[in-house]
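# Reading the structure
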Amino acid sequence: MTTAQSSSPKAKDLLAWYDRHRRRLPWRALPGQTPDPYAVWLSEIMLQQTTVTAVKPYFERFLSRWPTVEALAAAELDDVLTEWAGLGYYARARNLHACAKVVTDKHDGIFPSAEGALLALPGIGAYTAAAITAIAFGHKAVVVDGNVERVMARLHAVEEPLPKAKLSLKALAADLTLDHRPGDYAQAVMDLGATVCTPKSPSCVLCPWQKPCRARRLGIAAELPRKMPKKKKPTRRGVCFWLTRSDGAILLRRRPEKGLLGGMMEIPSTPWRDDEWVADEANTHAPVTVARAKWRSLDGLVTHTFTHFHLELGVKAAPVTDKRAGAVGAEQDFVWAHLDAMGDQALPSVMRKVVKHALKVGY
Ligand code: SF4
């Protein structure tokens with residue numbers, strides 16, 4: 001591919017760089033310390049699809065409220081979902097709780113160290129099992145996340161786009177992984193990807209692998225890894241119903257256990273679909289019929305983007321008499337909540353936006 005030959009990348013060069021430049025992260029053991037598998041697992045679950053900066057305060061809150069896996073297993077799921085609110089991908093929080101229970105009940109509160117046994121636990125996929133094996137237990141495992149894929153693609157000038165290139169990038173990562181300090185090596189590649197070999201403008205002059213890096217020599221580092229064009233996300237639409245009781249409490253509903261935002265709380269709404277909602281049709285999904293509450297549409301829309309679709313929510317608001325409020329509250333899955341106690345509810349980000357919008361529009 002190039003005329004200029006150079007050495008192949010060496011794990012030891014990266015480890016030497018890591019010893020000087022490692023990031024200090026709340027879940028990471030300092031040199032000489034023994035990693036805590038619970039902290040490693042908790043951080044790895046939180047870091048899936050989320051940034052280090054976003055995760056730090058959540059990690060610290062979880063660890064101070066539930067300092068051990070047994071404590072987390074004994075927690076109410078609702079409390080876990082409430083603490084998780086804002087991190088997104090709520091199935092992860094449910095699996096986190098389920099996993100804590102399995103580790104407590106079936107493994108005496110001790111995380112298994114074998115990759116295969118970790119993979120059998122709820123919410124632990126191939127990446128997380130490898131990361132825990134290497135980082136928490138110091139066993140050799142090939143840890144491949146987005147950072148590692150980017151570094152491997154550049155180091156070896158892999159032009160095949162993702163996701164097709166995943167297998168070959170994993171094979172390249174495996175070639176470089178040693179028995180020596182596997183946990184540090186895994187974290188070193190992640191750190192290199194996060195701080196030096198960054199997506200848009202890699203700082204090659206600071207890189208311990210600049211000599212063997214083929215993409216740098218070819219001048220195509222910032223273009224790699226190539227990616228298949230993304231499919232356009234569809235937009236779905238819904239209407240939320242902001243119902244207020246005379247004491248200011250707001251009606252919430254628990255979403256079904258299965259499916260998107262399973263078990264989280266929401267402002268009751270129509271189903272979410274591609275077509276726009278016309279008023280009469282939307283009103284048939286209201287928690288109180290138009291005959292019993294005067295629904296009026298609030299200005300503006302609440303927008304939110306999930307992994308697979310954009311969502312646009314209109315909001316309708318109405319007051320309800322105490323007598324009727326009692327009847328609504330008695331129904332299954334509905335809960336009245338005061339605004340100053342909304343923080344105790346497991347409201348996902350999209351529903352927090354709805355609350356903010358309804359308050360801002362000044363109902
Ligand atoms: Fe990334 Fe540049 Fe290092 Fe290559 S030399 S691995 S492109 S930072």
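Residues numbered from 1 in each chain as written. Predicted model: local features only at pLDDT ≥ 70, side-chain atom pairs only at ≥ 80, totals over all residues. Heavy atoms only, no water.

A few words on the confidence of the model for the protein chain. With 96% of its residues at a pLDDT of at least 70, the protein chain reaches an overall mean of 91. Per-element confidence in the protein chain is highest for helix α4 (residues 69-74), whose mean pLDDT is 98, and lowest for helix α14 (residues 322-330), whose mean pLDDT is 70. Note that residues 1-5 has pLDDT below 50 and, in this model, 6 contacts with residues that lie over four places away or in other chains. (pLDDT = per-residue confidence, 0-100. Helix = DSSP H or I, 4+ residues; strand = E, 2+ residues; numbered from the N terminus. Contact = heavy atoms within 4.5 Å.)

Scanning the entire structure with this criterion turns up 20 salt bridges. For lysine 140, the salt bridge is made with aspartate 179, and the minimal N-O distance between the two is 4.0 Å. Pair noted here: lysine 140 is in the loop between α8 (126-137) and α9 (146-155) and aspartate 179 is in the loop between α10 (166-176) and α11 (182-195), with a separation of 39 residues, a long-range link. Residue classification places lysine 140 among the partly exposed positions, given a relative accessible area of 44%. Owing to a relative accessible area of 61%, aspartate 179 belongs among the exposed residues under this scheme. When the shortest N-O distance is used, the salt bridge between aspartate 184 and arginine 181 registers 2.9 Å. Among the residues examined, arginine 181 registers a relative accessible area of 26% and is labelled partly exposed. A network of salt bridges, in which partner residues are shared, links Arg61, Arg65, Asp79 and Glu83. (Salt bridge = Lys/Arg side-chain N within 4 Å of Asp/Glu carboxyl O. Buried < 20%, exposed > 50% of the residue type's maximum accessible area, 1.4 Å probe, protein only.)

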